[in-house]
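Summary of structural features
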Amino acid sequence: MQQVANMQPADHVEPAATQSLQGRRVAVLMTDGVEQVEYTEPRRFLEGLGVKVILVSPKKAGEEIQGFNHLTPDQKFKVELSVQDAKPGDYDLLLLPGGVANPDSLRLSPESIAFIKAFGDEDKPIAAICHGPWPLIDAGVAESKHLTSWPTLQHDLRNAGAEWTDEEVVVDGKLITSRKPDDIPAFNEAIQKQLMVLQQAGSDPGPTS
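Residues numbered from 1 in each chain as written. Predicted model: local features only at pLDDT ≥ 70, side-chain atom pairs only at ≥ 80, totals over all residues. Heavy atoms only, no water.

Looking at the overall build of the protein chain
In terms of helices and strands, the protein chain carries six helices and twelve strands. Residues counted as buried form 48% of the 209 residues belonging to the protein chain. Within the protein chain, contacts between residues at least 6 apart in sequence are counted, and of these 68% link residues at least 24 apart. Here the protein chain displays about 10,200 Å² of accessible surface, and carbon together with sulfur accounts for 50% of that area. (Helix = DSSP H or I, 4+ residues; strand = E, 2+ residues; numbered from the N terminus. Buried < 20%, exposed > 50% of the residue type's maximum accessible area, 1.4 Å probe, protein only. Contact = heavy atoms within 4.5 Å. Areas by Shrake-Rupley, 256 points an atom, 1.4 Å probe, with all protein chains shown as cover.)

Some remarks on helix H1 (residues 37–48)
Taking 1.5 Å of rise per residue, the twelve residues of H1 would be expected to cover 16 Å, and the 16 Å separating its terminal C-alpha atoms lies within 8% of that figure. Every buried residue belonging to H1 is among Glu-38, Tyr-39, Pro-42, Arg-43 and Leu-46, and all of these are buried. For H1, the arc enclosing every buried residue in end-on projection is 110 degrees, short of the 170-degree limit, so these residues lie on one face. Across H1 from its buried face, at more than 90 degrees, point the exposed residues Arg-44 and Gly-48. (Expected span 1.5 Å × (residues − 1). Arc of directions from axis to C-beta.)

Focus on the confidence of the model for the protein chain
For the protein chain, the mean per-residue pLDDT works out to 91, and 89% of the residues sit at or above 70. Segment residues 1–18 is flagged for pLDDT under 50; beyond a separation of four residues in sequence, or across chains, it makes ten contacts in the model. (pLDDT = per-residue confidence, 0-100.)

Describing the sheet that holds strand S12 (residues 175–178)
Judged by pairing direction, the sheet is mixed, and its seven strands sit side by side in the order S6-S3-S1-S7-S8-S12-S11 without closing on themselves. At either margin of the open sheet sits one strand with a lone partner, and together these are strand S6 (81–82) and strand S11 (169–172). Along the sheet face, helix H3 (residues 110–121) touches strand S1 (25–29), strand S7 (93–96) and strand S8 (126–129) and points at about 135 degrees away from the line of S7. (Pairing = 2+ DSSP bridges. Axes fitted to C-alpha atoms, helices over the stretch in contact; angles between N-to-C directions.)

Focus: the pairing of S1
Burial analysis of S1 places five of its five residues in the buried class, the great majority of the element. The alternating pattern of S1 places Arg-25, Ala-27 and Leu-29 on one face and Val-26 and Val-28 on the opposite face, and all of these are buried. As paired elements, S1 and strand S3 (residues 52–57) share five bridges and run parallel to each other. Following the sheet pairing, Leu-29 is matched in S3 by Val-56. Two elements, S1 and S7, share three bridges in a ladder whose sense is parallel. Among the inter-strand pairings, Val-26 is bridged to a residue of S7, identified as Leu-93.

Description of the nonpolar core
Counting residues in each nonpolar core, the largest one holds 28 residues, and the members touching the most others are Leu-29, Leu-94, Phe-115, Ile-116, Ile-126 and Leu-136. When residues of this core are traced back to their parent elements, those giving at least two are S1, S3, S7, H3, S8 and helix H4 (134–138). Per-element tally for this core: the top contributor is H3, with four residues. Sequence-distant contacts of Ile-126, that is, excluding residues within four places in its chain, are made with Leu-94, Leu-96, Ile-116, Phe-119, Gly-120, Leu-136, Val-141, Lys-174, Leu-175 and Ile-176. (Core = buried A, V, L, I, M, F, W, Y, C linked by side-chain atoms within 4.5 Å.)

Considerations on the pattern of salt bridges
Scanning all chains against the criterion turns up eleven salt bridges. Asp-32 is the salt-bridge partner of Lys-59, the closest N and O atoms lying 2.8 Å from each other. Here the residue Lys-59 occupies a position in the loop between S3 and strand S4 (64–69), and Asp-32 occupies one in the loop between S1 and strand S2 (34–35), the gap between them amounting to 27 residues. Ionic contacts of the salt-bridge type, sharing partners, join the residues Arg-43, Glu-47 and Glu-80 into one network. (Salt bridge = Lys/Arg side-chain N within 4 Å of Asp/Glu carboxyl O.)

A short note on the layout of surface pockets
Of the pockets and cavities examined, the largest pocket occupies roughly 270 Å³. Along its surface, the largest pocket is lined by 13 residues, and Glu-35, His-70, Leu-71, Gly-99 and Val-100 are the ones closest to its centre. By residue class, the composition of the lining of the largest pocket is seven nonpolar, four polar and two charged. (1 Å grid on protein atoms, 1.4 Å probe; cavity = no way out; pocket = protein on both sides within 12 Å on 5 of 7 lines; lining within 4 Å. Points joined across faces, edges and corners; volume = space filled by probe spheres on them. Nonpolar A, V, L, I, M, F, W, Y, C, P; charged D, E, K, R; others polar.)

As C-alpha cells, then:
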C-alpha cells in the first residue's frame, strides 16, 4: 500500500513531549525591581527545552539584580551580559519580565530602548508580560500592535497607538504579551510555539556573543 506523506501546515508545532529547542537563544532584559517569577519561571521552562537563556541588563556583567515577590524584595540574580555589549542578532527572541520599577528603569536606559527597538526593526520575536510591555512604547514597538499587559498600562499603550485587550496572552505577529504571573503557563506556551516555528524553519539567530 502506498504511503501518503504527512503534510503539516507551516506553523504546525509538534506535541511538547517531542519538542527540542536546542540551539535557540533568548535574551531576558531586566534590572532591579523585576517581578522575579516572571523571569525564573519562563527561564526554567525554556532551559528545560534546551534553550540558551542570557540575562541582559543595563547593569554590568557580574552585578546583581534585586528581584521582588510582589512588593517584597526576594532573590538576587547575577547579570550575564551588559546590554551595551549585547547584539540583537545573536538572539532568537527577547523576553521582557514585569514588576513596576524594572521596566520603568529600562525606559530611562537608552541602550535598553535601542536593544528593544532593534528587535522590533528586525521583526524578531518579543515576549513581554505584566508591566514588561511598558518600554515597548519608548522603543516604538507598541504602535499599531494588538497586545495586553497589567491593566494599569492600558491607557499608556492605547495612547501610544496600540490596541489593548484583557486576555491571558495576545499574539500579534511576533509580539507576545500577557497580563500577570497567573498567565505564565499560556505565556510560556506562546513563546515555545514562536521558537518552534523558527526551529522548524531552520532559522539561525546569527553568531553567538
